[in-house]
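The primary structure of each chain is shown beneath.
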Amino acid sequence: MKIILKEDITNLGYKDDVVEVKNGYGRNYLIPQGKAVIASESALKVLAENQRQRAHKLAKIKADAEAVAKTLEGVALTIGAKVSSTGTIFGSVTPIQIADALAKEGHEIDRKLISIKGAVKEVGKYEAVVKLHKEVQVTITFEVVAE
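Treat the numbers as computed from the prediction; the structure is a model and nothing was measured. Here the residue index of a chain counts from 1 through its sequence in written order. Given that the model is predicted, a residue must reach a pLDDT of at least 70 before its local features are reported, and side-chain atom pairs must reach 80 or more before they are shown or counted; all residues, however, enter totals for whole chains, interfaces and linings. Side-chain metrics rest on all non-hydrogen atoms present in the structure, leaving aside hydrogens and water.

(A) Structural view of the overall build of the protein. Summing up its helical and strand segments, the protein has four helices and nine strands in all. Across its three principal axes, the protein shows a C-alpha extent of roughly 60 × 35 × 15 Å. When a residue's accessible area, from a 1.4 Å probe over protein chains only, is under 20% of the maximum for its type it is buried; when over 50% it is exposed; and in between it is partly exposed. Within the protein, the proportion of its 147 residues that are buried is 30%. Contacts were defined at the residue level, with two residues in contact if any of their heavy atoms lie within 4.5 Å. By sequence separation, contacts in the protein at least 24 residues apart represent 49% of the contacts at least 6 residues apart. Going along the chain from the N terminus, every DSSP run of H or I of four or more residues is numbered as a helix, and every run of E of two or more is numbered as a strand.

(B) Structural context of the packing of aromatic side chains. Side-chain rings of Phe, Tyr and Trp, where Trp is taken by its six-membered ring, are said to pair if the distance between their centres is within 6.5 Å; with planes under 30 degrees apart they count as stacked, over 60 as edge-to-face, and otherwise as tilted. By the definition in use, this model includes two aromatic pairs. Pairing Tyr25 with Tyr29 gives two aromatic rings, centres 5.8 Å apart and planes at 10 degrees, and the pair type is stacked. Of this pair, Tyr25 and Tyr29 both sit in helix α1 (residues 23-30), four residues apart, which is roughly one turn of the helix. Exposure remark for Tyr25: the relative accessible area of 35% places this residue in the partly exposed category.

(C) View of the pattern of salt bridges. The salt bridge criterion pairs a side-chain nitrogen of Lys or Arg with a carboxyl oxygen of Asp or Glu, the two atoms within 4 Å. The tally for this structure, following the rule as stated, stands at seven salt bridges. Note that Lys35 and Glu7 form a salt bridge whose closest N and O atoms lie 3.6 Å from each other. Linking Lys35 in the loop between α1 and β3 (36-38) with Glu7 in the loop between β1 (2-5) and β2 (18-20), this pair joins segments that are 28 residues apart in sequence. For Glu7, a relative accessible area of 34% gives the class partly exposed. The salt bridge involving Lys60 is made with Asp64; its shortest N-O contact spans 3.1 Å. Residue Lys60 and its partner Asp64 are located together in helix α3 (residues 55-72), separated by four residues, close to a single helical turn.

(D) Region of interest: the nonpolar core. Within this scheme, the nonpolar core is defined by two criteria: the residues are buried Ala, Val, Leu, Ile, Met, Phe, Trp, Tyr or Cys, and they are joined through side-chain atoms within 4.5 Å. Ranked by size, the top nonpolar core spans 25 residues in total, and within it Ile98, Leu102, Leu132 and Phe142 carry the most contacts. Taken together, the elements giving at least two residues each to this core come down to α3, β4 (76-81), β5 (88-93), α4 (95-104), β6 (114-116), β8 (124-133) and β9 (136-146). Examining the composition of this core, we find that five residues originate from one element, β9, more than from any other.

(E) Highlighting α4. All of the buried residues in α4 are Ile98, Ala99, Ala101 and Leu102. When α4 is viewed along its axis, its buried side chains cluster within an angular range of 160 degrees and face the same direction. Check the buried side of α4 and you find it contacts α3, β4, β5, β6, β8 and β9. It is the directions from the helix axis to the C-beta atoms whose arc is reported.

(F) Representation of the sheet that holds β9 in the model. Taken together, four strands build an open sheet; the order of strands is β4-β9-β8-β6 and the sheet is mixed. If you trace the sheet from one side to the other, it starts and ends with β4 and β6, each paired once. The mean inter-strand angle of the sheet, taken between neighbouring strand axes irrespective of direction, is 35 degrees. Between any two strands, pairing holds if DSSP finds at least two bridges. Direction of pairing for β4 relative to β9: parallel, over a ladder of six bridges. Counted as the bridge partner of Ala81 is Ala146 from β9. Each axis is a line fitted through C-alpha atoms, and for a helix only the stretch in contact is used; angles between axes span 0 to 180 degrees, taken between their N-to-C directions. Its contacts with the sheet place α3 against β8 and β9, and it is angled at close to 165 degrees to β8.

The values are spatial; any link to function lies outside them.
Here's what the structure looks like:
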């Protein structure tokens, strides 16, 4: 089933993308939650017209995202965590802690835009990806140290 997304959905697509999903996922979750509409011929025409009218706004949004990405390049964070005697962290480092550390540095980034591959459960250096726009993403290095 083809649908048009009304908002960004992780691992599926971005707002106004036309994607193919299984019937059950579309009819039972995405459409009732208001996250998508069926990609009928008329809906596709409306989407094309809206995209044509918003082209300059989207260019500005992308330019803003690129400006934020330039300020984030080269940022190295240090995150303190309680550590056991073996070097294992009690709990784990999450995107919330990275967003808080970025806020202390003067960068307001929503925690939902930050993703970390794997679980951070030991002291060391790691990388996180900040997806600012569907075409703009930046990698941030952070180091977990004992408090």
